[in-house]
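Fold and geometry: a report
Now for the letters of each chain:
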Amino acid sequence: VIARRRRSRAASLAEAARGRITARRRLCALVTGAASGVGKAFAAMLADKGHDLVLVDIRGEELSDVAGALEQAHAVGVKALQRDLSDPAAPADIVATVRELGMEIDLLVNNAGLIIDGAFLQSPWVQQRAYQQVLALTPAELIHRLLPGMLERGFGQVVNVGSVGGLMPSTPFTTLYGPCKSHLIILTRTLQAEYGRAGITFSVCCPGAVTGTRILEYSRSGQAWSKLSFLASSAEEVAEKAYAAVQRGTTVRLVGPSPYGVSVIGRLVPADAFSRALAWLVIRSTGQQPIEQRHGAAATDASAGVSSG
Ligand SMILES: NC(=O)c1ccc[n+]([C@@H]2O[C@H](COP(=O)([O-])OP(=O)(O)OC[C@H]3O[C@@H](n4cnc5c(N)ncnc54)[C@H](OP(=O)(O)O)[C@@H]3O)[C@@H](O)[C@H]2O)c1
């Protein structure tokens, strides 16, 4: 009862702070990975709800097209920032640019993502490091840099786009995808526990396969998932459910049937057995090569026919 009272007091203080902000300007959202898929759908939905936008993506031309179209269709301001989020300097640079533009971010959508197919050694470390930077470190740093302003204003919302991969015990052959997405899930819960009573709402949405996205179209694992189209959600559905979740204060929101299925299986089947079954499934469905000991020596990156370093 005490916890519930505290939560509702925090919610009404945040609502009042939101009212003070909207009395002097429109709410402003920063969306990463906004040139395509879920991020593009999020940007369109938020423009429709009257948010000013700062959109970030590595694809400058597509991003400018998205920003131009939204500004024309809605009476909101949209800034497009072409940035490579695998660059460790990007978060500081983005936040400095936002400040120079005289904007304050009320809603952060950490959405940009990619998938690297193949076993761990099949990509050089520099690529694996960049993968983690985009999926895990950049989102955390953007929160770290934008949270102080939100706290000062007494209102803020953070949506992290996770994945069914973060709910699985392992993600074989997209190695670091699962660890990074489960980092996002735990980070979201942790920040909600730390800052929820200060008027900030953190939410992570975990979709299964999402149609109309480059990830689904171009990765081997995505193509395997897209064969199970009945399990997929649209980018618009993911954006709407993720936004509704942060509005309601839902910390972890599953979207589509597969995350629910994975959660149930995870409760019934021991993690190691589930993990072995996942590896078997991925090998069968994507044609990845199992890595086995050959001629008495452990398979290495060289014996797998790839380079590293
Ligand atoms: N698609 C799915 O089935 C699915 C399922 C579960 C979760 N998700 C999550 O949903 C989120 C959005 O992905 P999506 O499905 O909408 O895929 P998408 O259509 O590929 O959109 C992701 C956008 O992020 C951009 N991006 C990737 N790396 C970047 C970088 N280093 N710097 C800046 N921008 C970068 C991509 O550019 P490029 O095209 O150049 O890479 C692309 O424009 C991701 O976090 C993903 O993990 C997707």
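In case you missed it, the structure is sitting above this.
Residues numbered from 1 in each chain as written. Predicted model: local features only at pLDDT ≥ 70, side-chain atom pairs only at ≥ 80, totals over all residues. Heavy atoms only, no water.

**With respect to the overall build of the chain**
Helix and strand counts for the chain stand at 11 helices and 9 strands. Computed over its C-alpha atoms, the radius of gyration of the chain comes to 20 Å, within 12% of the 19 Å expected for a compact globule of 309 residues. Within the chain, the fraction of its 309 residues that count as buried is 49%. Sequence-distant contacts, at least 24 apart, represent 72% of the contacts inside the chain between residues at least 6 apart. When the accessible surface of the chain is totalled, it reaches about 15,100 Å², and 54% of it is carbon and sulfur. Averaging the coordinates of the 32 positive side-chain charges in the chain and doing the same for the 25 negative ones gives two points 10 Å apart. (Helix = DSSP H or I, 4+ residues; strand = E, 2+ residues; numbered from the N terminus. Rg over C-alpha atoms; globule rule 2.2 N^0.38 Å. Buried < 20%, exposed > 50% of the residue type's maximum accessible area, 1.4 Å probe, protein only. Contact = heavy atoms within 4.5 Å. Areas by Shrake-Rupley, 256 points an atom, 1.4 Å probe, with all protein chains shown as cover. Lys, Arg positive; Asp, Glu negative; His and termini not counted. Charge placed at Lys NZ, Arg CZ, Asp CG, Glu CD.)

**Here we look at the sheet that holds strand 3 (residues 78-82)**
In spatial order, the strands read 3-2-1-4-5-6-9; together these 7 strands make up an open sheet with parallel pairing. Looking at the sheet topology across the chains shown, the edges are occupied by strand 3 and strand 9 (252-255). Taking each pair of neighbouring strands and ignoring which way they run, the sheet shows an average axis angle of 15°. With 3 bridges joining them, strand 1 (residues 28-32) and strand 4 (residues 107-110) adopt parallel strand pairing. Along strand 4, the bridge assignment pairs Val-31 with Val-109. (Pairing = 2+ DSSP bridges. Axes fitted to C-alpha atoms, helices over the stretch in contact; angles between N-to-C directions.)

**Observations regarding the site of the ligand**
As a structural note, the neighbourhood of the ligand is formed by 28 residues, with Ser-36, Asp-57, Asn-111, Tyr-177 and Val-210 the closest of them. At 2.8 Å from an oxygen atom of the ligand is found a side-chain nitrogen or oxygen belonging to Arg-59. When the free accessible area of the ligand is taken as 880 Å², the share hidden by the protein chains comes to 92%. Every element with two or more residues in the shell around the ligand is listed here: helix 2 (37-48), helix 6 (177-195) and helix 7 (214-218). (Near = heavy atom within 4 Å. Polar contact = N/O pair within 3.5 Å; in protein donor to acceptor, adjacent residues only side chain to side chain.)

**Notes on the environment of Gly-39**
You can see Gly-39 is positioned in helix 2. The class for Gly-39 is buried, based on a relative accessible area of 0%. When residues no more than four places from it in sequence are discounted, the contact partners of Gly-39 are Val-31, Thr-32, Gly-33, Ala-34 and Asn-111.

**Side note on the packing of aromatic side chains**
In this structure the tally under the stated criterion is 1 aromatic pair. A ring pair is formed by Phe-120 and Trp-125, whose centres lie 6.4 Å apart and whose planes are at 80°; its orientation type is edge-to-face. (Phe/Tyr/Trp six-rings, centres within 6.5 Å; stacked < 30°, edge-to-face > 60°.)

**Details of the packing of helix 2 against helix 9 (residues 235-248)**
Close contact between helix 2 and helix 9 brings their axes to 8 Å; oriented N to C, the two are set at 60°. One way to sum up the angle between helix 2 and helix 9 is to call them oblique. Handedness of the crossing formed by helix 2 with helix 9: right-handed. Listed contacts from helix 9 to Gly-37, Val-38, Ala-41, Phe-42, Met-45 and Leu-46 of helix 2 are Ala-235, Glu-236, Val-238, Ala-239, Glu-240, Ala-242 and Tyr-243. Residue classes in the contact of helix 2 with helix 9 are distributed as 10 nonpolar, 1 polar and 2 charged. (Parallel < 35°, antiparallel > 145°, perpendicular 65-115°, else oblique. Left-handed = near helix turned anticlockwise from the far one by under 90°. Nonpolar A, V, L, I, M, F, W, Y, C, P; charged D, E, K, R; others polar.)

**Comments concerning the packing of helix 5 (residues 125-153) against helix 6**
As a packed pair, helix 5 and helix 6 sit with axes 8 Å apart at the nearest point and diverge in direction by 15°. Between helix 5 and helix 6, the interaxial angle falls into the category roughly parallel. In this structure, helix 5 meets helix 6 at a crossing whose hand is right-handed. Across the interface between the two elements, Tyr-131, Gln-132, Leu-135, Ala-136, Pro-139, Ala-140, Ile-143, Leu-147 and Leu-151 from helix 5 touch Tyr-177, Cys-180, Lys-181, His-183, Leu-184, Leu-187, Leu-191 and Tyr-195 from helix 6. Residues of the contact of helix 5 with helix 6, tallied by class, amount to 14 nonpolar, 2 polar and 1 charged.

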